[in-house]
Amino acid sequence: PVAVLSPLQSTASDDASGTSDQLDVGALGKYALAAGVQMSVFSALFKAADVGLASAGLDPSSIPFPLIAFVFYACSLKSRVFNPLNNARPDRSKAVEGKGSDGFRDRVMPSWTPPGVV
């Protein structure tokens, strides 16, 4: 489902690329659901760690700070692991050969987006 916005609520402008002033409600719903799933999985992971520490008889404050810092650093680098949406990276070699690849030259950019670094 696509909702049409009034001119005051517009998020994109009409231009030669064929974009219009429409809000993709379905995509917003998918992203909201995916964010909820991802946060739930993170919460379950840390809850399981709490339960595991408690069952092992360890005090959470006895865990060394560098280990905790490493866990959060690893989570920040690999948070895509828990994301249910397609996390595939674009294939640069296909794009260079002109075959087309998701994410390169096949997306519609807003008219206000500055040009990329050349």
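Rules used throughout
- Residues numbered from 1 in each chain as written.
- Predicted model: local features only at pLDDT ≥ 70, side-chain atom pairs only at ≥ 80, totals over all residues.
- Heavy atoms only, no water.
- Helix = DSSP H or I, 4+ residues; strand = E, 2+ residues; numbered from the N terminus.
- Buried < 20%, exposed > 50% of the residue type's maximum accessible area, 1.4 Å probe, protein only.
- Contact = heavy atoms within 4.5 Å.
- Patch = residues over 30% accessible without salt bridge, like charges linked within 9 Å, V, L, I, M, F, W, Y side chains within 5 Å.
- Areas by Shrake-Rupley, 256 points an atom, 1.4 Å probe, with all protein chains shown as cover.
- Salt bridge = Lys/Arg side-chain N within 4 Å of Asp/Glu carboxyl O.
- Expected span 1.5 Å × (residues − 1).

Mapped onto the elements of the fold, L53 is located in helix α1 (residues 25–55). By relative accessible area, which is 18% here, L53 ends up buried. As a C-alpha pair, L53 and I63 span 10 residues in sequence and 9.7 Å in three-dimensional space. Beyond its immediate chain neighbours, meaning those up to four positions away, L53 contacts L58, P60 and I63.

We now examine a nonpolar patch on the surface. A contiguous nonpolar patch, built from L67, I68, F70, V71, F72, Y73 and L77 and spanning about 710 Å² of accessible area, is present on the exposed surface. Within the fold, F72 resides in helix α2 (residues 65–77).

Along the chain, the position of Q38 falls in helix α1. Those residues in contact with Q38 that lie beyond four places of it in its chain are S79, R80, F82 and N83.

Turning to α1, a few remarks are in order. In this model α1 runs 44 Å from its N-terminal to its C-terminal C-alpha over 31 residues, within 8% of the 45 Å that 1.5 Å per residue would give. Turning to α1, its buried residues are A34, Q38, F42 and L53. Check the buried side of α1 and you find it contacts α2. A positive backbone phi angle near 80 degrees is found at G57, which sits one or two residues after α1.

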